[in-house]
Amino acid sequence: DNDISMLLARISRLDRELISSVLVKHSSGIEVLLAPPPTYGALDLSLPQVEQIVSHLRSMFDWVVIDLGVMPDESSYAFLDNADFIVMTVLPELVCLRNTRLLLDQLHARGYGDGKVRLVLNRAGISGGVSQGDIEDRLHVRIHHTVPDDQPLVSLSVNRGVPLTISHGRSAVARAIQTLAQRFAGEVEHLDLGVR
């Protein structure tokens, strides 16, 4: 029942306690600020509201990860403007490559440079998929990281609600996700130290 709309209704009284009461806690330790159900329609967020919510979240947590879905709208761009990194996943399929190219063009048109946008190849090595080299050639961008294909394990993890890094920490997928997290942690540490 808790989602971001509860914060918007009380945006002028936003504080740590209110935000904490709206967050959904997972047994893994992750806390989630949910979007409203799709039946509610598009969420109308202004840039000052986004900045206020993100600022509070940043003061409460070491990491804030925002999942925006496939094609961002104007309120999504408000979140992207405040991001240290934008991570896009791409599947090794031609249709997905076309959509990724369109989104990369939109992000570059809005002034997001290659240093901010990171491309992650998901389900790498899938049977019949486009190779990493061909993806990089078609998109004219470097793949930042790859996550191998293991659809049965990922489906099991999603359906059980248990992160596979917990339930299957030694699997190739879990190791790839852990490596990606470590890379970002290292890069953020460099940003905090002022190193580029």
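Read on for a plain summary of the structure. (Residues numbered from 1 in each chain as written. Predicted model: local features only at pLDDT ≥ 70, side-chain atom pairs only at ≥ 80, totals over all residues. Heavy atoms only, no water.)

Looking at the overall build of the chain
For step 1, the next point in the chain: From N to C terminus, the chain includes nine helices and five strands.
For step 2, the next point in the chain: Reading the secondary structure of the chain in the N-to-C direction produces α-α-β-β-α-α-β-α-β-α-β-α-α-α.
For step 3, the next point in the chain: Principal-axis analysis of the C-alpha atoms gives the chain an extent of 50 × 40 × 40 Å.
For step 4, the next point in the chain: Residues counted as buried form 32% of the 196 residues belonging to the chain.
For step 5, the next point in the chain: Contacts spanning at least 24 positions in sequence make up 66% of the contacts within the chain whose residues lie at least 6 apart.
For step 6, the next point in the chain: The positive charge centre, built from 18 side chains, and the negative charge centre, built from 24, are 3 Å apart in the chain. (Helix = DSSP H or I, 4+ residues; strand = E, 2+ residues; numbered from the N terminus. Buried < 20%, exposed > 50% of the residue type's maximum accessible area, 1.4 Å probe, protein only. Contact = heavy atoms within 4.5 Å. Lys, Arg positive; Asp, Glu negative; His and termini not counted. Charge placed at Lys NZ, Arg CZ, Asp CG, Glu CD.)

Quick word on the pattern of salt bridges
For step 1, the next point in the chain: Considering all chains together, one arrives at five salt bridges under this definition.
For step 2, the next point in the chain: For the salt bridge of Arg118 with Glu187, the shortest nitrogen-to-oxygen distance reads 2.3 Å. Placement of Arg118 in strand 4 (residues 117–124) and of Glu187 in helix 9 (residues 172–192) is noted, with a sequence separation of 69 residues between them.
For step 3, the next point in the chain: The partner of Asp149 in a salt bridge is Arg123, with the nearest N and O atoms 2.7 Å apart. Residue Asp149 is found in the loop between strand 5 (143–148) and helix 7 (151–160), and its partner Arg123 is found in strand 4; the two are separated by 26 residues along the sequence.
For step 4, the next point in the chain: Residue classification places Asp149 among the partly exposed residues on the basis of a relative accessible area of 30%. (Salt bridge = Lys/Arg side-chain N within 4 Å of Asp/Glu carboxyl O.)

A look at the sheet that holds strand 3 (residues 86–90)
For step 1, the next point in the chain: Read from one edge of the open sheet, three strands run 3-4-5, paired in parallel fashion. Edge positions in the sheet fall to strand 3 and strand 5, since each has one partner strand and no second. Taking each pair of neighbouring strands and ignoring which way they run, the sheet shows an average axis angle of 25 degrees.
For step 2, the next point in the chain: Pairing between strand 4 and strand 5: five bridges, direction parallel. Bridge pairing in strand 5 links Ala124 to Pro148.
For step 3, the next point in the chain: Helix 6 (residues 132–139) rests against strand 4 and strand 5 of the sheet, and its axis sits at about 145 degrees to strand 5. (Pairing = 2+ DSSP bridges. Axes fitted to C-alpha atoms, helices over the stretch in contact; angles between N-to-C directions.)

Focus: the side chain of His145
For step 1, the next point in the chain: With respect to the helices and strands, His145 occurs in strand 5.
For step 2, the next point in the chain: Side chain to side chain, His145 and Arg183 meet in a polar contact 3.4 Å long. (Polar contact = N/O pair within 3.5 Å; in protein donor to acceptor, adjacent residues only side chain to side chain.)

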